[in-house]
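What follows is each chain in one-letter form.
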Amino acid sequence: VQLQASGGGLVQSGGSRRLSCAASGRALSSYNMGWFRQAPGKDRECVAAISRSGGMTYYADSVKGRFTISRDNAKNAVYLQMNSLKPEDTAVYLCAADRPSAVVVSRMIYEYDYWGQGTQVTVSS
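Numbering of residues begins from 1 in every chain and follows the order in which that chain's sequence is written. Under the rules for a predicted model, residues below a pLDDT of 70 receive no local features and side-chain atom pairs below 80 are neither given nor counted, while totals for whole chains, interfaces and linings still include all residues. The basis for every side-chain value is the complete set of non-hydrogen atoms in the structure, without hydrogens or water.

Undergrad: Hey, could you run me through the environment of Ala97 in this one?
TA: Here a helix means four or more residues in a row that DSSP labels H or I, a strand means two or more in a row labelled E, and each is numbered from the N terminus. Counting through the fold element by element, Ala97 comes out in strand E9 (residues 91–98). The class of Ala97 is buried, set by a relative accessible area of 0%. Non-local contacts of Ala97, meaning those with residues more than four positions away in its chain, are made with Val1, Leu3, Tyr31, Asn32, Met33, Tyr112, Asp113 and Tyr114. Partly exposed describes any residue whose relative accessible area lies between the buried limit of under 20% and the exposed limit of over 50%, with all areas from a 1.4 Å probe on protein chains only and scaled to the type maximum. Contacts: residue pairs with any heavy atoms within 4.5 Å of one another.

Undergrad: Could you clarify how one ought to interpret the state of the cysteines in this entry?
TA: Disulfides are covalent bonds that link the sulfur atoms of two cysteine residues. Two cysteine sulfur atoms form a disulfide, by the criterion used here, when they sit within 2.5 Å. All chains considered together, the criterion is met by one disulfide. Linked covalently through their sulfurs, Cys21 and Cys95 form a disulfide whose S-S length is 2.1 Å. Between Cys21 and Cys95, the disulfide has an S-S torsion of 65° and is therefore right-handed. Taken together, the residues Cys21 in strand E3 (residues 17–24) and Cys95 in strand E9 connect sequence positions 74 residues apart. With a relative accessible area of 1%, Cys95 lands in the buried category.

Undergrad: Is there a simple way to explain the side chain of Arg66 in this structure?
TA: For Arg66, the location among the structural elements is in the loop between strand E6 (57–59) and strand E7 (67–72). Taking the relative accessible area as the measure of exposure, Arg66 reaches 11% and is therefore buried. Here a polar contact is taken to be a pair of N or O atoms separated by no more than 3.5 Å, where protein atoms must pair a possible hydrogen donor with a possible acceptor and residues adjacent in sequence count only if both atoms sit in side chains. A distance of 2.7 Å separates the side chain of Arg66 from the side chain of Asp89, its partner in a polar contact. Every residue in contact with Arg66, bar those within four places of it in the chain, is listed here: Gln81, Met82, Asn83, Ser84, Leu85, Lys86 and Asp89.

Undergrad: Before we go on, may I ask you to explain the pattern of salt bridges in this structure?
TA: When their charged atoms lie close together, side chains carrying opposite charge are able to pair. Here, a salt bridge means any side-chain nitrogen of Lys or Arg that lies within 4 Å of a carboxyl oxygen of Asp or Glu. Throughout the structure, instances matching the rule amount to five salt bridges. In this structure, Arg37 and Glu45 form a salt bridge, with 2.7 Å as the shortest nitrogen-oxygen distance. Arg37 sits in the buried class, given a relative accessible area of 6%. The partner of Lys64 in a salt bridge is Asp61, and the shortest N-O contact between them spans 3.1 Å.

Undergrad: When you look at the sheet that holds E3 in this model, what are you seeing that I'm missing?
TA: Each strand in a sheet pairs with its neighbour through backbone hydrogen bonds, running either in the same direction (parallel) or in the opposite one (antiparallel). Strand order in the open sheet made by the four strands is E1-E3-E8-E7, with antiparallel pairing throughout. With one partner strand each, in any of the chains shown, strand E1 (2–6) and E7 form the two edges of the open sheet. Adjacent strand axes in the sheet meet at a mean angle of 15°, parallel and antiparallel pairs treated alike. Strands were regarded as paired on the criterion that DSSP finds at least two bridges between them. Alignment of E1 against E3, held across five bridges, turns out to be antiparallel. When the bridges of E3 are listed, Ser6 appears paired with Ser20. Lines fitted to C-alpha atoms define the axes here, with helix axes fitted over just the stretch in contact, and angles between the N-to-C directions of these axes take values from 0 to 180 degrees.

Written out as C-alpha cells, the structure is:
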C-alpha cells in the first residue's frame with residue numbers, strides 16, 4: 001500500500017489543522033493506521049492510531065483531548081483533526097499502516113510496515 005499525507009502548513013498557536021492520508025494500491029480497511037510525528041532532534045512518536053473498523057483508538061497523552069483520528073474506508077483515507085495546537089506540536093507528521101496480521105492497535109513504530117512521506121506542521125507562538 002502507498003500512503004500520501006497532506007494538509008500540513010503554518011498555523012498559529014491555538015489554531016486547528018486537519019491532516020489527510022490517502023492510500024493507493026490496497027484497501028486501507030485491511031490495516032490499523034497510525035499518525036506519527038518527528039520533531040528535529042527528537043524521536044519519532046505515535047500521536048494517534050485507529051483500528052481497521054475505527055472502533056478502537058489510541059492517543060498519546062500529549063495530544064489527548066486535542067487531536068482526533070478518524071478514517072473513511074470507503075474513501076481509503078485516514079484523518080487527523082488537530083485542535084488547540086501548541087508550538088510543541090511542530091513536527092513532520094507521517095501516516096503509517098501496520099502489518100496486515102496485527103491484531104491490536106499499536107503505538108510502536110516497529111509494528112508499522114508502510115509509511116507515507118510526511119507533511120510539515122509548524123505552530124507559531
